[in-house]
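Residue-level listing of the chains:
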Amino acid sequence: MAHINGIGGAFVFSPDPKRLADWYAEHLGIAFEGSAEAGAFYQRFVAVDPDEPSRLRDSTFAIMQAKTTFPPPIVEGEGETYGDQPFMVNLRTDDLDALVANLEAKGVALLDRQDESYGKFAWVRDPDGRRVELYQPVLPSDDAA
């Protein structure tokens, strides 16, 4: 029986995909391909399949034109990080502290920050009001340090 072995992609719909893609590029360093004329801005992330090293696995993060309007974002309070919006993108980084410092220097408000035994997390809002989760996994070698 076949099983799911990863995420093929995350697709974000926006009333202004170029503006949103430009924000993700400037603030989070995502190097998009595509264009408004092509109908999407996308970044493909590729990794070696740990079970089959001769095969690659990829995930795509895409921003595309919305065909409808969405409800306004929910304003969160203390401890309201999950479950109050239709979806949330989790973007992985190797250096969360440096990324957060860069975002704050550019005037992006940090909503929350948490460090757990399995990873470090921070949350910001993109220009469409969506909460975005930034994630740095804690690697086994990090525990020994």
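Everything numeric in this text was worked out from a predicted model, so none of it was measured. (Residues numbered from 1 in each chain as written. Predicted model: local features only at pLDDT ≥ 70, side-chain atom pairs only at ≥ 80, totals over all residues. Heavy atoms only, no water.)

## Quick look at the overall build of the chain
Here is step 1: Within the chain, the secondary structure is distributed over 3 helices and 8 strands.
Here is step 2: Each helix and strand of the chain, ordered N terminal to C terminal, gives the series β-α-β-β-β-β-α-β-β-β-α.
Here is step 3: Relative to its 145 residues, the chain shows a buried fraction of 32%.
Here is step 4: A separation threshold of at least 6 residues defines the contact pool for the chain, and within that pool the share at least 24 residues apart is 52%. (Helix = DSSP H or I, 4+ residues; strand = E, 2+ residues; numbered from the N terminus. Buried < 20%, exposed > 50% of the residue type's maximum accessible area, 1.4 Å probe, protein only. Contact = heavy atoms within 4.5 Å.)

## What to know about the layout of surface pockets
Here is step 1: Here the largest pocket is characterised by a volume of approximately 810 Å³.
Here is step 2: Forming the walls of the largest pocket are 27 residues, and the residues nearest its centre are Phe45, Ser59, Asn90, Leu91 and Arg92.
Here is step 3: A total of 5 residues in the lining of the largest pocket trace back to one element, the largest contributor, which is strand β4 (residues 56-65).
Here is step 4: Taken together, the residues of the lining of the largest pocket sort by class into 15 nonpolar, 9 polar and 3 charged. (1 Å grid on protein atoms, 1.4 Å probe; cavity = no way out; pocket = protein on both sides within 12 Å on 5 of 7 lines; lining within 4 Å. Points joined across faces, edges and corners; volume = space filled by probe spheres on them. Nonpolar A, V, L, I, M, F, W, Y, C, P; charged D, E, K, R; others polar.)

## Let's talk about the packing of aromatic side chains
Here is step 1: Summed over all chains, the structure comprises 6 aromatic pairs.
Here is step 2: For the ring pair Trp23 and Tyr24, a centre distance of 5.1 Å and an interplane angle of 80 degrees mean the geometry is edge-to-face.
Here is step 3: Ring centres of Tyr118 and Phe121 lie 5.7 Å apart, and the angle between their planes is 65 degrees; on these two criteria the pair is classed as edge-to-face.
Here is step 4: You can call Phe121 buried: its relative accessible area is 7%.
Here is step 5: Members of the aromatic cluster, each reached through a chain of ring pairs, are Trp23, Tyr24, Phe32 and Phe61. (Phe/Tyr/Trp six-rings, centres within 6.5 Å; stacked < 30°, edge-to-face > 60°.)

## Section: the nonpolar core
Here is step 1: Ranked by size, the top nonpolar core spans 22 residues in total, and within it Tyr24, Leu28, Phe32, Phe61, Ile63, Leu91 and Leu134 carry the most contacts.
Here is step 2: For this core, the secondary-structure elements that each account for two or more residues are α1 (17-28), β4, β5 (89-92), α2 (96-105), β7 (119-125) and β8 (131-137).
Here is step 3: Broken down by element, this core gets its largest block of residues, 5 residues, from α1.
Here is step 4: Setting aside its immediate chain neighbours within four residues, Phe61 contacts Ala10, Val12, Tyr24, Ile30, Phe32, Phe41, Tyr42, Gln43, Phe45 and Val89. (Core = buried A, V, L, I, M, F, W, Y, C linked by side-chain atoms within 4.5 Å.)

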